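Here are the chains, one letter per residue:
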Amino acid sequence: MLKPITTLRLRAATSLLAAAFVCTTVGTAEAADPPAAAASASAAATNPQFKVRPADDAWRAALPRDADAATRAYLARLPSETVARANAYFEGGYWLQLWNFLLGLAIAGVLLAGRNSARLRDFAQRIGRKAFFRDAIYGAIYAVAVFVLSLPLTIYQGYVREHAYGMATQTFGPWFAEQLIALAVNVLLLAFAVGVLYALFRRAGARWWVWGSGFGVVLLVLSLLVGPVWIDPLFNTYKPIADGDVKQAVLAMAHADGVPADNVYEFDASRQTTRVSANVAGIFGTASVRLNDNLMRKPLAEIRAVTGHELGHYVMNHIDKFVVEFAVVIVIGFAFSRWAMDRLLARHGASWGLSGVADAASFPLLMAVLSVYLFIATPVLNTMTRTQEIEADRFGLNLAREPHGFAEAVLDLTEYRKPDPGRWEEIIFYDHPSARFRIHDAMRWREAMGTKP
Ligand SMILES: [Zn+2]
């Protein structure tokens, strides 16, 4: 469920300063018999490349009680081409993480070693009167520079590749327009963040990393408060779910656990993608459960299973807990940065035209150092979120009591996630559990509880 800031896809290091908590639960599939369709006015999107062999009540009734055997039977419904395609897509994502990391370092190299960052700072100083605005101008131009330099990879990853796998539903124009909206948000965000960060660094002296950590946590909380309310609606329309079976079923589960009833929303993700997803957003009791329109057209059992999972995040205060965990990650990241920045600035500061850590021109260096840290910490970050996902899965099974609905929904995830990875592969790369793990959880629940079918 955790993704660096929603649609914006900020580069790794920037996301340490401004991460948002978004839970993307499910993939997509053909909707076999969607009783939910009548309840949803939206036109959901499907991926012609993605197939799961359908199953009916007779198939479920004949399923072995044994959790291992039932899990195997579920996974066997994935045609080999579907599995091969999912593996290729997801494993390609491992490499993309590496390319994004290396590109980020290369961009920092171009900005620093070419003295472009120092020149940019000098330019900002000529037009900005106050120190805060100079640094803010620097931050804004930095955001544009990173956008331009990483555009080829962004287009490949976000447009070409998504179309190649049949998941994208936008033509280039609307897609690129959204990238420009994201850029505008990023420019404002980085202007503000760099302006404040370097005002703090100037006053903090040797303790800059302590203040940096504090500001990082503040930015994280701000992004969680502001993102769902002001940023997400820039890309999708959110509305309370329509009256009908789905609304009744979702509200019944919400009420059962004391979740405020008016906080269940539907959004038009089919504008961008065929993926089924849902998320819980917000912080400090402002959380809302949001289901996408691709999910809304699924059978009711799947919607209930997924909603049970999302309500689990809400009831177990996962966002607040995540903030506390991520605060620790941020503090360690800045402590590492202090160690690395001292050495790098002593060695290269003069030749790169940097006067010190409180010089905004050293911002690309700080981002590069933090990105190294985050890259190394990837398995830890993934395990943090994957652990919450497992908790939410089990909560959802207890609440919705839909082991088959949940297993079906998880099978749909294979549209974009390798279903049966190796043990270490899952620990290192998976921010959600694999289909095999999640279906096994559902089938173990079914076996232990002795439910029918
Ligand atoms: Zn989740």
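Reading guide: rules and limits
- Residues numbered from 1 in each chain as written.
- Predicted model: local features only at pLDDT ≥ 70, side-chain atom pairs only at ≥ 80, totals over all residues.
- Helix = DSSP H or I, 4+ residues; strand = E, 2+ residues; numbered from the N terminus.
- Buried ≥ 20, exposed ≤ 12 C-beta atoms within 10 Å, placed from the backbone.
- Contact = placed C-beta atoms within 7 Å.
- Pairing = 2+ DSSP bridges.
- Axes fitted to C-alpha atoms, helices over the stretch in contact; angles between N-to-C directions.
- Core = buried A, V, L, I, M, F, W, Y, C linked by C-beta atoms within 7 Å.
- Parallel < 35°, antiparallel > 145°, perpendicular 65-115°, else oblique.
- Left-handed = near helix turned anticlockwise from the far one by under 90°.
- Nonpolar A, V, L, I, M, F, W, Y, C, P; charged D, E, K, R; others polar.
- pLDDT = per-residue confidence, 0-100.
- Expected span 1.5 Å × (residues − 1).

Chemist: Honestly, the overall build of the protein chain in this entry has me stumped. Any pointers?
Modeler: Per the secondary structure count, the protein chain includes 18 helices and four strands. Here the protein chain, with 453 residues, has 48% of them falling under the buried criterion. A fraction of 79% describes how many contacts in the protein chain between residues 6 or more apart in sequence connect residues 24 or more apart.

Chemist: I'm lost on the sheet that holds strand S3 (residues 278–281) in this one. Help?
Modeler: Paired through backbone hydrogen bonds, the strands of a sheet run either parallel or antiparallel to each other. One open sheet accounts for four strands, arranged S1-S2-S4-S3; its pairing is mixed. The sheet terminates laterally at strand S1 (238–240) and S3, the two strands that pair on one side only. The mean angle between the axes of side-by-side strands here comes to 30 degrees, regardless of whether they run parallel or antiparallel. Pairing of strand S2 (residues 264–267) with strand S4 (residues 288–292) involves four bridges; the strand directions are parallel. Considered in S4, the bridge of Val 264 is made with Val 289.

Chemist: Would you mind going over the nonpolar core with me for this structure?
Modeler: Looking at soluble globular proteins, one finds that nonpolar side chains tend to be buried together. Of all hydrophobic cores here, the largest spans 50 residues; its most connected members are Leu 190, Val 194 and Leu 365. At the level of secondary structure, the elements contributing two or more residues to this core comprise helix H4 (80–113), helix H5 (116–127), helix H6 (131–149), helix H8 (172–204), helix H9 (208–231), helix H13 (318–348) and helix H14 (363–376). Contacts of Leu 190, omitting those with residues within four sequence positions, involve Gly 139, Ala 140, Tyr 142 and Ala 143. Core analysis: the next-biggest nonpolar cluster, separate from the first, contains 43 residues, Tyr 265, Phe 267, Ile 439 and Ala 442 among them.

Chemist: Please explain the packing of H5 against H6 as it appears in this structure.
Modeler: Between two packed helices, the angle of one axis relative to the other and the distance separating the axes together describe the packing. Remark: H5 packs on H6, axes separated minimally by 8 Å, with the N-to-C direction vectors making an angle of 135 degrees. On the basis of their axis angle, the class for H5 and H6 is oblique. Where H5 crosses over H6, the two elements pack in a sense that is right-handed. Contact residues: H5 offers Leu 120, Arg 121, Ala 124, Gln 125 and Ile 127, while H6 offers Arg 134, Ile 137, Tyr 138 and Ile 141. Residues that form the contact of H5 with H6 fall into these classes: six nonpolar, one polar and two charged.

Chemist: Sorry, what's going on with the pairing of S4 here?
Modeler: Two faces, one strand: in a regular strand the side chains alternate between the faces of the sheet. With respect to burial, S4 is a largely interior element, five of its five residues being buried. Burial along S4 is two-sided: Ser 288, Arg 290 and Asn 292 facing one way and Val 289 and Leu 291 facing the other are all buried. Across four bridges, the pairing between S3 and S4 is antiparallel. Note that in S4 the partner of Ala 278 across the bridge is Leu 291.

Chemist: Quick question: what am I supposed to make of the confidence of the model for the protein chain here?
Modeler: Interpretation of the predicted coordinates at a detailed level should be avoided for regions scoring low in pLDDT. Of the residues in the protein chain, 89% have a pLDDT of 70 or more, and the chain-wide mean is 89. Note on residues 1–42: pLDDT is under 50 here. Beyond four places in sequence and across chains, it has 161 contacts.

Chemist: What am I meant to see in the environment of Arg 207 here?
Modeler: Mapped onto the elements of the fold, Arg 207 is located in the loop between H8 and H9. Look at Arg 207 and you get exposed, because 12 C-beta atoms sit within 10 Å. In this structure the C-alpha to C-alpha distance between Arg 207 and Arg 338, which are 131 residues apart in sequence, comes to 9.0 Å.

Chemist: Help me out: how do you make sense of the packing of H8 against H9 in this one?
Modeler: In contact at an axis separation of 10 Å, H8 and H9 are set at 155 degrees when each is read in the N-to-C sense. Accordingly, the angle class assigned to the pair H8 and H9 is roughly antiparallel. Note on packing geometry: the crossing formed by H8 with H9 is right-handed. Within the contact between the two elements, H8 uses Val 185, Ala 193, Val 196, Leu 197, Leu 200, Phe 201 and Ala 204 and H9 uses Trp 208, Val 210, Trp 211, Gly 212, Phe 215, Leu 219 and Ile 231.

Chemist: Would you take a moment to explain H4 for this structure?
Modeler: Residues that lie three or four places apart on an α-helix share one face, since the helix turns once every 3.6 residues. Under the 1.5 Å per step criterion, the end-to-end length of H4 is 49 Å for 34 residues, consistent within 8% with the ideal 50 Å. Taken together, the buried positions of H4 are occupied by Thr 82, Arg 85, Ala 86, Tyr 89, Phe 101, Gly 104, Ile 107, Ala 108, Leu 111 and Leu 112. One or two residues past the end of H4 sits Arg 115, with phi positive at roughly 60 degrees.

Chemist: Any chance you could explain unusual backbone geometry here in plain terms?
Modeler: Glycine aside, a negative phi is what most residues show, and trans is what most peptide bonds show. In this structure, Pro 453 follows Lys 452 across a cis peptide bond, with omega equal to 0 degrees. Tracing the backbone through its elements, the reader meets Pro 453 in the segment after helix H18 (435–449).

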